[in-house]
Amino acid sequence: MVAKEPWRYAATGISIALRVTPRGGRDAIDGIEQLADGRSVLKVRVRAIADGGEANKAVLVLLAKSLGVPKAAVRLLSGATSRLKQIAVDGDPVRLGEALRQLASAKSTD
C-alpha cells in the first residue's frame, strides 16, 4: 500500500509534514513513511546537529534546493524542537507537488 502524500495544497504554495533525522550523515530526502498513527511524512535527513536550530536551517536549505525555490520561500510552521515538523513552501502548488512526488518516489522505501 502506498502512503498518502504528506503534503497539502494551498493557494500560495504547499505545506509538508516531515520527519527529520539530524546528524544523518548526509543531506537527503529519503521518501515517504507512514507513522504508527497513520499519518504520512516525508523523511528528511541532514548532516547538521539538532542544536540552536542548525538542523532546522539545514532542512529548509535542502528543501529549497531540492524544489528549486528561493530559501525565503521555505519556512518552518511548527515542530522547531521536534523531529516531526510542518514546513510551508511558497510557490506554484502544482509544480511543487509534482517536484515532491518525483523526489519522494525516487527514494521511497516501500
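Residues numbered from 1 in each chain as written. Predicted model: local features only at pLDDT ≥ 70, side-chain atom pairs only at ≥ 80, totals over all residues. Heavy atoms only, no water.

Under the annotation held in an unreviewed UniProt entry, the protein chain carries the name UPF0235 protein S23_02830 and is attributed to Bradyrhizobium cosmicum. UniProt, in its Sequence similarities (unreviewed entry) section for the protein chain, records the words "Belongs to the UPF0235 family." (UniProt positions renumbered as here; feature names shortened; annotations may be inferred.)

(A) Fine view of the pairing of strand S4 (residues 40–45). Counted residue by residue, S4 has 5 buried out of 6 residues, so it is predominantly covered. Direction of pairing for strand S2 (residues 13–21) relative to S4: parallel, over a ladder of 4 bridges. When the sheet's bridge partners are listed, Thr 21 is paired in S4 with Arg 45. Between strand S3 (residues 28–34) and S4, which pair antiparallel in sequence order, lie 5 residues; one of them, Gly 38, sits at a positive phi of approximately 95 degrees. (Buried < 20%, exposed > 50% of the residue type's maximum accessible area, 1.4 Å probe, protein only. Helix = DSSP H or I, 4+ residues; strand = E, 2+ residues; numbered from the N terminus. Pairing = 2+ DSSP bridges.)

(B) Inspection of the nonpolar core at higher detail. By size, the foremost hydrophobic cluster in this structure holds 27 residues, and its most contacted members are Ile 16, Leu 18, Leu 42 and Val 89. Looking at this core, the elements with two or more residues in it are S2, S3, S4, helix H1 (54–67), strand S6 (84–90) and helix H2 (93–107). Residue contributions to this core peak at 8 residues, all from H1. Once residues within four sequence positions are removed from consideration, Val 89 is found in contact with Thr 12, Gly 13, Ile 14, Ile 16, Leu 67, Val 69, Ala 73, Val 74 and Leu 96. (Core = buried A, V, L, I, M, F, W, Y, C linked by side-chain atoms within 4.5 Å. Contact = heavy atoms within 4.5 Å.)

(C) Structural detail: unusual backbone geometry. Phi angles above zero are rare outside glycine, and Arg 23 is one such case at about 50 degrees. Secondary-structure assignment places Arg 23 in the loop between S2 and S3. Judged by relative accessible area, which is 67%, Arg 23 ranks as exposed.

(D) Fine view of the pattern of salt bridges. For the structure on display, the rule yields 9 salt bridges. For Arg 47, the salt bridge is made with Asp 27, and the minimal N-O distance between the two is 3.7 Å. Linking Arg 47 in the loop between S4 and H1 with Asp 27 in the loop between S2 and S3, this pair joins segments that are 20 residues apart in sequence. Arg 47 sits in the exposed class, given a relative accessible area of 54%. (Salt bridge = Lys/Arg side-chain N within 4 Å of Asp/Glu carboxyl O.)

(E) Structural detail: the confidence of the model for the protein chain. Across the protein chain, the average pLDDT comes to 93, with 94% of residues at 70 or higher. Looking at the elements of the protein chain, mean pLDDT is at its lowest for H2, recorded as 92, and at its highest for S6, recorded as 98. (pLDDT = per-residue confidence, 0-100.)

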